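# Geometric and topological summary
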Amino acid sequence: MPSLWKRITFSAASVLCVGSVVLLVVALSTERWVAGRILCKTGAEIVNASHPELEQFIGDIYYGLFQGGKTKKCGLGNRRSKIYIFPNLVRTLNSGLHMMVILFLLVAVGFALVSLSFCIYNARRVPYQSIKGHKGLYLWNFIAAFFASLGLLCFLAALKHHSLTERVANHRENLFVLDVLDDSLDWSFWLGVGSIATHFAVCGVVAMSRIKLPKPEIKKPEEPTISSLDLLY
């Protein structure tokens, strides 16, 4: 049975692993990886809009790995539409890179669950193999953080080098051309970054479990001494 300190630290590491899994799952399922502003170039050119009038043709866009939404302003009022990455839009993107992002993040979720199971195991009993103890936890958390980092880097590559937002904005736009004024990473992306940081925090907590705390000394009661005078009485 592990000591109280080990049970506390491995229980804390288990909570962090659960947090990492939740962060990745929420990041995968939400639509706020990127947010930006789009200009209806066709509408602005038709009316020959000047700089102050361009605000009437600037909408917004947001999307994630599976879906999103946009609001375009082309002189006909606000027109909101839903964006679905699968099954058609992904064909116009770098589909291989997009699928790699999803795959890497799913693998990271899998190794985070493996790390969680090992944390629970170490909190309940002392492992007899090193791979089931501290070394295994370092390994699984490093692999989970590595694959999560690969997923985020692939997404950044698609965003910066493959005009991801522009392709998403102009999908199924037959009459209007939409220009991306600016786009930035939104909170769903940063949840993935938080998951990576969580795995390093798990490694720190696991390292703390190896600290040996001093055991409190219990003073033994002093035995009464019997002198020769006491025997006389």
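The rules behind the values
- Residues numbered from 1 in each chain as written.
- Predicted model: local features only at pLDDT ≥ 70, side-chain atom pairs only at ≥ 80, totals over all residues.
- Heavy atoms only, no water.
- Axes fitted to C-alpha atoms, helices over the stretch in contact; angles between N-to-C directions.
- Helix = DSSP H or I, 4+ residues; strand = E, 2+ residues; numbered from the N terminus.
- Parallel < 35°, antiparallel > 145°, perpendicular 65-115°, else oblique.
- Left-handed = near helix turned anticlockwise from the far one by under 90°.
- Nonpolar A, V, L, I, M, F, W, Y, C, P; charged D, E, K, R; others polar.
- Phe/Tyr/Trp six-rings, centres within 6.5 Å; stacked < 30°, edge-to-face > 60°.
- Buried < 20%, exposed > 50% of the residue type's maximum accessible area, 1.4 Å probe, protein only.
- Lys NZ or Arg CZ within 6 Å of the ring centre and 35° of its normal.
- Salt bridge = Lys/Arg side-chain N within 4 Å of Asp/Glu carboxyl O.
- Disulfide = S-S within 2.5 Å.
- 1 Å grid on protein atoms, 1.4 Å probe; cavity = no way out; pocket = protein on both sides within 12 Å on 5 of 7 lines; lining within 4 Å.
- Points joined across faces, edges and corners; volume = space filled by probe spheres on them.
- Pairing = 2+ DSSP bridges.
- Core = buried A, V, L, I, M, F, W, Y, C linked by side-chain atoms within 4.5 Å.
- Contact = heavy atoms within 4.5 Å.

## Digging into the packing of helix H4 (residues 95-124) against helix H5 (residues 134-161)
Orientation of H4 relative to H5, taken along the N-to-C sense of each, is 160 degrees, at an axis distance of 8 Å. With respect to H5, the axis of H4 lies roughly antiparallel. For the pair H4 and H5, the sense of crossing is left-handed. Considering only residue class, the contact of H4 with H5 consists of 23 nonpolar, four polar and no charged.

## Quick word on the packing of aromatic side chains
Per the counting criterion, the structure on display carries 11 aromatic pairs. An angle of 25 degrees between the planes, with centres 6.1 Å apart, marks the rings of Phe111 and Trp140 as stacked. Of this pair, Phe111 sits in helix H4 while Trp140 sits in helix H5; the two residues are 29 residues apart in sequence, bridging distant segments of the chain. Classification of Phe111 as partly exposed rests on a relative accessible area of 24%. By relative accessible area, Trp140 is classed as buried at 17%. Among the aromatic residues, ring-to-ring pairing joins Phe104, Phe111, Phe118, Trp140, Phe142, Phe146 and Phe147 into one connected group. Positioned above the aromatic ring of Tyr62 is the side chain of Arg32, whose terminal nitrogen or guanidinium carbon lies 4.1 Å from the ring centre.

## Considerations on the pattern of salt bridges
Evaluation of the coordinates by the stated rule reveals five salt bridges. The salt bridge partner of Glu31 is Lys82, with a shortest N-O separation of 3.1 Å. Here Lys82 lies in strand E4 (residues 78-84) and Glu31 lies in the loop between helix H1 (4-29) and strand E1 (34-40), a separation of 51 residues in the sequence. Close ionic contact of Lys72 with Glu173 constitutes a salt bridge, the shortest N to O distance being 2.8 Å. One end of the pair, Lys72, is in strand E3 (residues 67-73); the other, Glu173, is in the loop between helix H6 (164-169) and strand E5 (178-185), and 101 residues separate them in sequence. In this structure, Lys72 and Glu173 share a single accessibility class: buried. Through salt bridges with shared partners, a single network forms among Lys70, Lys72 and Glu173.

## Some words on the state of the cysteines
What the rule picks out here adds up to one disulfide. Sulfur-sulfur distance for the disulfide between Cys40 and Cys74 comes to 2.1 Å. As the torsion about the S-S bond is roughly 110 degrees, the Cys40-Cys74 disulfide counts as right-handed. You can see Cys40 sitting in strand E1 and its partner Cys74 sitting in the loop between E3 and E4, a full 34 residues away along the chain.

## As for empty space enclosed by the protein
Under the defined criterion, the tally for this structure stands at one cavity of 30 Å³ or more. Taken together, Leu93, Asn94, His98, Val101, Phe155, Ala158, His162, Leu164 and Arg167 make up the full set of residues lining the largest cavity. Listed by contribution, the elements that provide at least two residues to the lining of the largest cavity are H4, H5 and H6. Across the lining of the largest cavity, the residue classes tally to five nonpolar, three polar and one charged.

## Describing the pairing of E3
Counted residue by residue, E3 has five buried out of seven residues, so it is predominantly covered. Both strand E2 (residues 58-63) and E3 contribute to a ladder of four bridges, which runs antiparallel. Along E3, the bridge assignment pairs Asp60 with Thr71. For E3 and E4, the ladder comprises seven bridges, and the chain directions are antiparallel. Among the inter-strand pairings, Gly69 is bridged to a residue of E4, identified as Lys82.

## Looking at the nonpolar core
Counting 45 residues, the largest nonpolar core has Trp33, Leu65, Phe155, Leu164 and Val168 as its most contacted members. For this core, the secondary structure elements donating two or more residues are H1, E1, E2, helix H3 (85-92), H4, H5, H6 and helix H7 (187-208). It is H4 that contributes the most residues to this core, eight residues altogether. Apart from residues no more than four positions distant in its own chain, Leu65 is found in contact with Leu28, Thr30, Trp33, Ile85, Phe86, His98, Val101, Ile102, Leu105 and Phe155. Counting 13 residues, the second-largest nonpolar core is a separate cluster that includes Ala13, Cys17, Cys119 and Val205.

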